[in-house]
Amino acid sequence: MGDVLPSTSLSDDSATASYPRHPKGARARVLLTSVFGPYAQDDRYGSRAINPMELYHNQVTRAQGVFSLRMFHRSWGLMLIRENIPAACTLLDFPTRERFQREVQTGRYDVIGISSIMVNVGKVREMCRIARQFAPEAQVVVGGHVAAIPGLRDLLDADHIVAGDGVAWMRRYLGADPSAPIRHPAIISGFGLRVMGITARASEGATAATVIPSVGCPLGCNFCTTSAFFGGKGKHLDFYRTGAELFSVMCEMEARLKVQSFFIMDENFLLFRRRAMELLELMRAGGKSWSFYVFSSANAIRKYTMEELVSLGISWIWMGLESPRGAYAKLKGSDTQQLARELRGHGIRLLGSTIIGLEHHTRENLPGEIAHAIAHDADFHQFMLYTPAPGTPLFAEMAAAGRLLPDMDPADMHGQFKFNFRHAALSRDESKVWLDRAFVRDFTRNGPSVYRICRTTFAGWLRHRHHPDPRVRRRFAFEARQLRVLYPAVLWAMERRLRRGNRRVALRVRVLRRRIIREFGWPARGGALLGPFLLWTAWREDRRLARGWTYEPKTIVERCPQR
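Residues numbered from 1 in each chain as written. Predicted model: local features only at pLDDT ≥ 70, side-chain atom pairs only at ≥ 80, totals over all residues. Heavy atoms only, no water.

Colleague: Hey, could you run me through the overall build of the protein chain in this one?
Modeller: Counting its secondary structure elements, the protein chain contains 21 helices and 17 strands. In summary, the protein chain has a C-alpha radius of gyration of 23 Å against a globular reference of 24 Å for 563 residues, a match within 12%. Taken over the C-alpha atoms alone, the protein chain extends approximately 70 × 55 × 45 Å along its principal axes. Counting over 563 residues, the protein chain shows a buried share of 60%. Taking as baseline every contact in the protein chain between residues at least 6 positions apart, the subset at least 24 positions apart corresponds to 77%. For the protein chain, the distance from the average position of its 81 positive side-chain charges to the average position of its 53 negative side-chain charges is 7 Å. (Helix = DSSP H or I, 4+ residues; strand = E, 2+ residues; numbered from the N terminus. Rg over C-alpha atoms; globule rule 2.2 N^0.38 Å. Buried < 20%, exposed > 50% of the residue type's maximum accessible area, 1.4 Å probe, protein only. Contact = heavy atoms within 4.5 Å. Lys, Arg positive; Asp, Glu negative; His and termini not counted. Charge placed at Lys NZ, Arg CZ, Asp CG, Glu CD.)

Encoded structure:
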C-alpha cells in the first residue's frame, strides 16, 4: 500500500441510483481500517518487498541506500471520514492480520469499513472473509482506489463497494447531512522519519500538519488514478473553497499541533490562484510565517511571480515533469529546467516526477529523456512506469486496443515493477531495467536527496535572510535551523561515505559543508563532531539491510465516541 499517498478512502459510488442507509444510523458502531501488514515482503496476500509502506523510499529515493528518506504516512482519508461521521468509531491503522481479527471479534461492530489501493486487493479479500466469519451481523464496506478494479464484487464478499467522496457517502449511510461543513482532523503529515540508520525523535511542531483542501485534479492526465477517482478531467471536489476557510483550518492546526508548516494534500494547489492569494493576504494580516509543501503543475506555478511564491510560504513543490515530448497540458509552454533552477535559487525544494515508458519511448530515445529529467537536478526525483490503472482513461484505451497483458496480478500493477501492457517498442522486462537505471543515474549524478535539500535550504537562507517582510525572514530562519548543527554532521559523514565510489559528488558535499560552516561559525563546526557517529550508524544500517531488515509502521488504534 505504499506506492501512493493515501487518498480519501471509503468513497461515494456515484453510479448508485439509490444510496443505502444503515438501520441503526448514528447509533451504529463503526470500524474503519487500512489493510493489514507487514507490507515490505512478498506474501500470498499481495504484499511485495519492492512496494513497502513508505512513499519516499518506495518511489523517490529507492536507489539511495542508507541515504534514502524513510517515513510513514497515516491513512488520511480514514481520518477525515472518522472526523465527519456522527457514529462511535474506531480507526485501526496498519494492523497486523491478527490484530484486525481480534478487533473484529471483540468490538461488536455494526459497520466494518476497509480502505485500500488496488495492489492490496488480496488483503481486502482476506479481511472481508475475517469480517464475515467473526462479525456476521456487521455490514462490510470496501472503498478507496481498490473500488476501480473491474469485477471487484466477484472477487470479495462485501455489502457495499463505493468510489468517490467517502465523507459524503458515510454521512448519508449513517443518516447524517452529506453536505455539512467538513471538520478537518489534526493530522501530522509523517512519522518515523529515518535516514542514515537513525530514526528521528518526534518533537512537537517539528513535522508539518496535513491539510486537505480538495480532492481530484481538473487537468485530468489520462494515467492519473486520483483524478479519475474523483470524476476525471475538468472535475474536482472542494472541501474548502476559499482562502479564508483554509486560513481558519490552518490557525486551528497551528494551535492544536504547534506547527509552522503544512503539507497541502491537493493535486494542484497553485492552480486556484484566487484562493491562494486570499490566503496570502490573511497570512500577511495575521503575521503568519508558515511554510507550505504543495503539489502543482508547471503551468500553475507560472501564474505566480517568485516573490509571490516566497511570500506565500511555498517551501516544497511536487511537480510533474513527465517527458519533454509529452502532450500534457500542465507542461505547455514551460521550460521546466529553467523553472527548476529558479525555484531552487529561492529556497523552494522540488520533487520532480518523470514517467518511463510513454508511448513515444524507445531504446534509442530513452537515454536522452532520462538525461533531460536528471538535468533538472531536483531535490527529489520520482520515476514511475507508464501504467494503465483500472478506472483511468488510459486503462479504457488500452483495453479497447487489446494491449493489456492478460492475468496480471493487481499486486504488481504499481508503477515500480514492470509494464502491465504491451508497449510498441519496449518489452515488459526492459521496462524494469530502464526504471532502475533512471533512479541510479539520478543518484550518481546529483547525489543523495538529503544533500540536495540542504543545498536548496542554504540557497534560500542566503537569498532571503534579509527579506523586507519579517514573516519571510522568520520562515527562512526556521527552515535553516538545522543548517547550524545537524546538517554539517550529516554532510561530513556523507562526504566520507561517497568519496570512494563517487568523488565528484563527495567534493560537492564538502564544498557545501564548508560554506555552511563559514556562514554559521562555531555551531556548525561543532555540529560536525556528530559526523563520525552518523558514519557508524550508516555502516550499521548497511549491514541490517544486507541481512534483509525491513521497516514497518506500528499499529495505531484511535477510538472516537458518538458525536
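More follows now that the structure is in view.
Colleague: Any chance you could explain the packing of aromatic side chains here in plain terms?
Modeller: Each aromatic ring pair is summarised here by two numbers: the centre-to-centre distance and the angle between the ring planes. On inspection of all chains with the given rule, the structure shows 25 aromatic pairs. A ring pair is formed by Tyr39 and Phe94, whose centres lie 6.4 Å apart and whose planes are at 85°; its orientation type is edge-to-face. Taken as a pair, Tyr39 in the loop between strand E1 (29-34) and helix H1 (55-59) and Phe94 in the loop between strand E3 (88-93) and helix H3 (97-107) lie far apart in primary sequence, 55 residues in all. Per residue, the accessibility class of Tyr39 equals that of Phe94, and both read buried. Between Arg194 and the ring centre of Tyr551, over which it is positioned, the NZ or CZ distance is 5.8 Å. Positioned above the aromatic ring of Trp434, the side-chain terminus of Arg437 is 4.4 Å from the ring centre. (Phe/Tyr/Trp six-rings, centres within 6.5 Å; stacked < 30°, edge-to-face > 60°. Lys NZ or Arg CZ within 6 Å of the ring centre and 35° of its normal.)

Colleague: Where do I start with the pattern of salt bridges in this structure?
Modeller: Opposite charge on two side chains makes pairing possible when the charged atoms of those side chains draw close. Tallying each qualifying case throughout the model produces 40 salt bridges. With its nearest N and O atoms 3.1 Å apart, the salt bridge here joins Glu558 to Arg74. Of this pair, Glu558 sits in strand E17 (residues 556-560) while Arg74 sits in the loop between strand E2 (70-72) and helix H2 (76-83), placing them 484 residues apart in sequence. For Glu495, the salt bridge identified is with Arg496, shortest N-O distance 3.7 Å. Here the salt bridges share partners, and the residues they tie into one network are Arg74, Arg82, Glu83, Asp93, Glu558 and Arg563. (Salt bridge = Lys/Arg side-chain N within 4 Å of Asp/Glu carboxyl O.)

Colleague: I tried to follow the nonpolar core on my own but got confused; where do I start?
Modeller: What tends to happen in soluble globular proteins is that the nonpolar side chains get buried as a cluster. Grouped together as the largest cluster of nonpolar side chains are 111 residues, with contacts concentrated most on Phe262, Leu270, Phe292 and Ile317. Ranked by residues supplied to this core, first place goes to helix H18 (residues 486-498) with 8 residues. Excluding anything up to four places from it in sequence, Ile317 contacts Leu270, Val294, Ser296, Ile301, Leu343, Ile348, Arg349, Leu350 and Leu351. Counting residues in each nonpolar core, the second largest holds 34 residues, with Leu31, Val142, Ile161 and Tyr551 among its members. (Core = buried A, V, L, I, M, F, W, Y, C linked by side-chain atoms within 4.5 Å.)

Colleague: I'm lost on H18 in this one. Help?
Modeller: Because an α-helix packs 3.6 residues into every turn, residues spaced three or four apart end up facing the same way. Between its first and last C-alpha atoms H18 spans 18 Å; for 13 residues at 1.5 Å apiece the expected length is 18 Å, and the two agree. Counting buried positions along H18 gives 10 out of 13 residues, so the element sits mostly inside the fold. In the core, the buried residues of H18 are packed alongside helix H16 (449-464), helix H19 (503-520), helix H20 (522-527) and helix H21 (531-546). (Expected span 1.5 Å × (residues − 1).)

Colleague: Explanation requested: the state of the cysteines in the structure shown.
Modeller: Under the definition given, this model contains 0 disulfides. You can see Cys89 has no disulfide; the closest cysteine sulfur is in Cys560, sitting 6.8 Å from it. With a relative accessible area of 2%, Cys89 lands in the buried category. (Disulfide = S-S within 2.5 Å.)

Colleague: What's the story with the pairing of strand E4 (residues 111-115) in this structure? I'm lost.
Modeller: Regular strands place side chains that alternate from one sheet face to the opposite one. Of all the 5 residues making up E4, 5 are buried; the element is thus mostly covered by neighbouring parts of the structure. The alternating pattern of E4 places Val111, Gly113 and Ser115 and Ile112 and Ile114 on opposite faces, both of which are buried. Bridge analysis of E1 against E4 gives 5 bridges, and the strand direction is parallel. The residue bridging Val30 from the neighbouring strand is Val111, located in E4. Sheet topology places E4 next to strand E5 (residues 139-143); 5 bridges connect them, and they run parallel. By the bridge assignment for E5, Gly113 is matched with Val141. With respect to chirality, the unit in which E4 leads through helix H4 (residues 121-134) into the neighbouring parallel E5 is right-handed. (Pairing = 2+ DSSP bridges. Right-handed = clockwise from strand over helix to strand, strands pointing away.)

Colleague: In this structure, what is going on with the sheet that holds strand E15 (residues 349-356)? I would like to understand it.
Modeller: Picture the strands of a sheet paired through backbone hydrogen bonds; they go either parallel or antiparallel. With respect to topology, 6 strands assemble into an open sheet ordered E9-E12-E13-E14-E15-E16, the strand pairing being parallel. Each edge of the sheet is formed by a strand with only one pairing partner; in this case those strands are strand E9 (209-211) and strand E16 (380-385). Geometrically, the sheet is characterised by an average inter-axis angle of 20° between neighbouring strands, direction not taken into account. Sheet strands in contact with helix H15 (residues 428-446) are E15 and E16, and its direction is about 175° off that of E16. (Axes fitted to C-alpha atoms, helices over the stretch in contact; angles between N-to-C directions.)

Colleague: What am I meant to see in the packing of H3 against H4 here?
Modeller: In a packed pair of helices, the relevant descriptors are the angle between the two axes and the axis-to-axis distance. Running from N to C, H3 and H4 cross one another at 30°; their axes reach a closest spacing of 9 Å. Between H3 and H4, the angle is such that the two are roughly parallel. For the element pair H3 and H4, the recorded crossing hand is right-handed. Contacts between H3 and H4 involve Arg97, Phe100, Gln101, Val104 and Gln105 from the former and Glu126, Met127, Arg129, Ile130, Ala131 and Phe134 from the latter. Counted by class, the contact of H3 with H4 contains 6 nonpolar, 2 polar and 3 charged residues. (Parallel < 35°, antiparallel > 145°, perpendicular 65-115°, else oblique. Left-handed = near helix turned anticlockwise from the far one by under 90°. Nonpolar A, V, L, I, M, F, W, Y, C, P; charged D, E, K, R; others polar.)

Colleague: Looking at this structure, how should I read the packing of H18 against H19?
Modeller: Orientation of H18 relative to H19, taken along the N-to-C sense of each, is 160°, at an axis distance of 8 Å. As summarised for this structure, H18 and H19 are arranged roughly antiparallel, according to the angle between their axes. Considering the relative orientation of H18 and H19, their crossing is left-handed. Between H18 and H19, the contacting residues are Pro488, Leu491, Trp492, Met494, Glu495, Arg496 and Leu498 on the first element and Arg503, Val505, Ala506, Val509, Arg510, Leu512, Arg513 and Ile516 on the second.

Colleague: Where do I start with the sheet that holds E17 in this structure?
Modeller: With mixed pairing, 6 strands are arranged side by side in an open sheet as E6-E5-E4-E1-E3-E17. At either end of the open sheet lies a strand with only one pairing partner, and these are strand E6 (160-161) and E17. Relative to the sheet, H3 contacts E1, E3, E4 and E17, its axis offset from that of E1 by approximately 175°. Along the sheet, H4 contacts E1, E4 and E5; its crossing angle with E5, the most-contacted strand, is approximately 170°.

Colleague: Can you help me understand unusual backbone geometry in this one?
Modeller: Most peptide bonds take the trans configuration, and most residues that are not glycine carry a negative phi. Look at the link from Gly37 to Pro38: it is a cis peptide, with omega at 5°. By secondary structure assignment, the location of Pro38 is in the loop between E1 and H1. Backbone geometry places Phe94, a non-glycine residue, at a positive phi of 60°. According to the relative accessible area criterion, Phe94 is buried, its value standing at 2%.

Colleague: Help me out: how do you make sense of the environment of Ala40 in this one?
Modeller: If you trace the backbone, Ala40 turns up in the loop between E1 and H1. Residue Ala40 is classed as buried on the basis of its relative accessible area of 11%. Put simply, Ala40 and Pro95 are 55 residues apart on the chain and 14 Å apart in space, counted from C-alpha to C-alpha. With near-sequence residues (within four places) excluded, Ala40 lies in contact with Arg48, Ala49, Pro52, Thr550 and Glu552.

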